[in-house]
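Topology and contacts: notes
What follows is each chain in one-letter form.
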Amino acid sequence: MSPVIELRNVSFSYGGAPVLDHVDLAVDEREFLGIVGPNAGGKSTLLKLILGLLRPRQGQIRVLGGAPAETRHQLGYVAQHPGFARDFPISVRQVVELGLLGRGPRSGRLAGLLPGRPGRAERARVDRALHEVEVDNLAGRQIGSLSGGQLQRVLLARALVAQPRILLLDEPTANVDQRAESEIFDLLRRLNARMTILVVSHDIAFVSRYVTRVACINRTLICHPTTAIDAGLIQELYGEHVRMVAHDHPHGH
Amino acid sequence: MANMCAWWRTIIHTGTDMGEFFQALLHYQFLQLALLAGLLASIGCGVMGPYVVVKRIAFIAGGIAHSVLGGIGVALFLGTDPLAGALLAAVIAALLIGGVRLYGRAHEDTLIGALWAIGMAVGILFISRVPGYQADLVSYLFGNILLVPTRDLWLMGGLDAILLLVVGLWHRQILAVVFDEEQARLRGLPVTFLYLLLLVLIALTVVLLIHLVGLIMVLALLTLPAAIAGQYVHSLTRMMWIATLLNLFLSTLGLAMSYTPNLPPGPAIVLLTGLAYVLSTVLTRGRRPT
């Protein structure tokens, strides 16, 4: 079976020093991949290359057998920093409905311009997505009134409503408390039963409990099975002494 | 006590002035046309204002508005319809600013500032070469709703029809771009087209407002009623309804209050709108979305 995401010898820079240097990566279907590494190590850049929002300076990227820009409508993405103001006048249901717009697997380039309001089937999809991330009761709320954890779930619902084959999340628990972090990762583990998931995280110890493989990125990329993550490896990755804090979560796995 | 008396006198005077205005409205066609122009302008800026406010692109709208004078000046110099010149300049400015914002490496705010100043300079230079048009310059800058030609009312009606049709068809798509451009692009929406379309619609609205308040004060009517609406409702569609009604109310009130003392209606409308915004902001301070 060919990988759903494949990077071959990919390099990228924003104009100065390379952010990614000769990166190779293959992600199989239904894999749950954790991407960890220091700040400015290239984690978010890697996701944006896979999404086709950036183009590599060198190398080749294939996603679901095609160029990233052509297949990205089959990907769901939750960004680290949402691209909207928290006081935007929009309800949770409207935000999730916006995830329905655009191209479907069988629709053409102009499908996004088809006028009209969501029909009964589309509204049912929105209900299912809200239910799946357990925020049905927030549908009528304004996004500005949500907590960090609630907002992340809503953004996850917006990604899920388009029924993606691959889900990419950039630090989805950066602004949430420890309990909400565990709940979100439990949810991701359930979603992994039907889709491939790539998640960027700072917390290598925590993420290792959930993912099947860890990609350590600091300009170059090395993959490890989760069982191989230890203090020596983390220190090698971050390039300096890293203080390890043992922390167990109530839902420890 | 003396203050109270002064207040009551002002209110009674204002009431008398308003009565005089509404009596005159029944007799004078120019006032009826002015009211109609106010209604047409209110629809356009009521619909587009909320997009400008929530997308936080008032500076872009200001740049488009001021570059319009260049088009008016060139049109007057060439002896063609000034509103057609305004329309062309507004659309070109919108596409230029949008293009730089989406693709350019130049600083967007520098370009807007340049268009703002260069548009005004070109307009004033060309108008200065047209004999007898100095009075027109003032009315384009500050508006003159009492002198709207019937032909321009048709144009305003046509612009409103275009705005309502496009927004009616593609509101969800425009909302997606206004809310979160990156996600809209990932969903395969034509973000470049929709963003430029939004700026062109704003350009059309600017032209709609020229007769009402003039291009210098366009920003006030484009942003303040929508901002007031946003203090009370939390949906873009409801903001559009409230902003339209507010625009209509404030433009009619400004027209009525300026009639008897023979004041220019444009500044009166803008001043009332500003006061309404300040009052509403004070009244709604500390409210949180639910």
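Right, let's walk through the structure included here.

**With respect to the overall build of chain B**
The helix and strand inventory of chain B stands at 12 helices and 0 strands. The order of α-helices and β-strands along chain B, N terminus first, is α-α-α-α-α-α-α-α-α-α-α-α. When the 290 residues of chain B are sorted by exposure, 53% land in the buried category. Partitioning the contacts of chain B with sequence separation of at least 6, the portion at a separation of at least 24 is 77%. Carbon and sulfur atoms provide 71% of the accessible area of chain B, an area that totals close to 13,300 Å².

**Let's talk about the packing of helix α3 (residues 58-78) of chain B against helix α10 (residues 218-230) of chain B**
Axis angle and axis distance: for two packed helices, these are the angle between their axes and the distance between the axes, and together they describe the pair. Residues and elements named next belong to chain B. Contact geometry of α3 with α10 gives a least axis separation of 9 Å together with a crossing angle of 155 degrees. For the element pair α3 / α10, the angle class is roughly antiparallel. The hand of the α3/α10 crossing is right-handed. Contact with α3, carried on its side by Ala-58, Ala-61, Gly-62 and Ala-65, involves Val-218, Leu-219, Leu-222 and Thr-223 of α10 and no other residues of that element. When the residues that make up the contact of α3 with α10 are grouped by side-chain class, the tally is 6 nonpolar, 2 polar and no charged.

**Digging into the side chain of Thr244(B)**
Mapping Thr244(B) onto the fold places it in helix α11 (residues 236-259). Excluding anything up to four places from it in sequence, Thr244(B) contacts Ser42(B), Ile43(B), Gly46(B) and Val47(B).

**Details of unusual backbone geometry**
Residues and elements named next belong to chain A. You will see that Asn-9, though not glycine, has its phi angle at about 55 degrees, which is positive. As for its placement among the helices and strands, Asn-9 is situated in strand β1 (residues 5-13). Despite not being glycine, Ala-40 has its phi angle at roughly 60 degrees, a positive value. Residue classification places Ala-40 among the exposed positions, given a relative accessible area of 81%.

**A word on a nonpolar patch on the surface**
A cluster of nonpolar side chains, contributed by Leu88(B), Ile92(B) and Leu96(B), occupies part of the molecular surface with about 280 Å² of accessible area. With respect to the secondary-structure elements, Leu88(B) resides in helix α4 (residues 82-103).

**Section: the interface of chain B and chain A**
Taken together, the contact pairs 27 residues of chain B with 37 residues of chain A. Buried area between chain B and chain A, summed over both chains or domains, comes out near 2,900 Å², and the portion from carbon and sulfur atoms is 59%. Looking at the side of chain B facing chain A, the largest losses of area belong to Arg172(B), Phe179(B) and Arg187(B), adding up to 31% of the total buried there. Our enumeration of links across chain B and chain A arrives at 3 salt bridges. Close ionic contact of Glu182(B) with Lys48(A) constitutes a salt bridge, the shortest N to O distance being 3.4 Å. Taken together, the connections running from chain B to chain A amount to 9 residue pairs in polar contact (both at pLDDT 80 or more). Of the residues forming the side of chain B that touches chain A, the biggest block, 8 residues, is contributed by helix α7 (residues 150-179) of chain B. Looking at side-chain class alone, the side of chain B that touches chain A contains 15 nonpolar, 6 polar and 6 charged residues.

**What to know about the pattern of salt bridges**
All names here are of chain A. Inspection of every chain in the model, using the stated rule, returns 18 salt bridges over all chains. A salt bridge links Arg-190 to Glu-134, with the nearest nitrogen and oxygen atoms 3.3 Å apart. Remark: Glu-134 occurs in the loop between α4 (120-132) and α5 (148-160) and Arg-190 occurs in helix α6 (residues 178-191); sequence separation between them is 56 residues. Judged by relative accessible area, Glu-134 falls into the partly exposed class, the value being 48%. Where Arg-153 meets Glu-183, a salt bridge forms, and the shortest distance between an N and an O atom there is 3.5 Å. Here Glu-183 lies in helix α6 and Arg-153 lies in helix α5, a separation of 30 residues in the sequence. Taking the relative accessible area as the measure of exposure, Arg-153 reaches 10% and is therefore buried. A cluster of three or more residues bridged by salt bridges with shared partners is formed by Glu-134, Arg-153, Arg-179, Glu-183 and Arg-190.

The rules behind each value
- Residues numbered from 1 in each chain as written.
- Chains lettered and ligands numbered in written order.
- Predicted model: local features only at pLDDT ≥ 70, side-chain atom pairs only at ≥ 80, totals over all residues.
- Heavy atoms only, no water.
- Helix = DSSP H or I, 4+ residues; strand = E, 2+ residues; numbered from the N terminus.
- Buried < 20%, exposed > 50% of the residue type's maximum accessible area, 1.4 Å probe, protein only.
- Contact = heavy atoms within 4.5 Å.
- Areas by Shrake-Rupley, 256 points an atom, 1.4 Å probe, with all protein chains shown as cover.
- Axes fitted to C-alpha atoms, helices over the stretch in contact; angles between N-to-C directions.
- Parallel < 35°, antiparallel > 145°, perpendicular 65-115°, else oblique.
- Left-handed = near helix turned anticlockwise from the far one by under 90°.
- Nonpolar A, V, L, I, M, F, W, Y, C, P; charged D, E, K, R; others polar.
- Patch = residues over 30% accessible without salt bridge, like charges linked within 9 Å, V, L, I, M, F, W, Y side chains within 5 Å.
- Salt bridge = Lys/Arg side-chain N within 4 Å of Asp/Glu carboxyl O.
- Buried area = accessible area lost by both parts, 1.4 Å probe.
- Polar contact = N/O pair within 3.5 Å; in protein donor to acceptor, adjacent residues only side chain to side chain.

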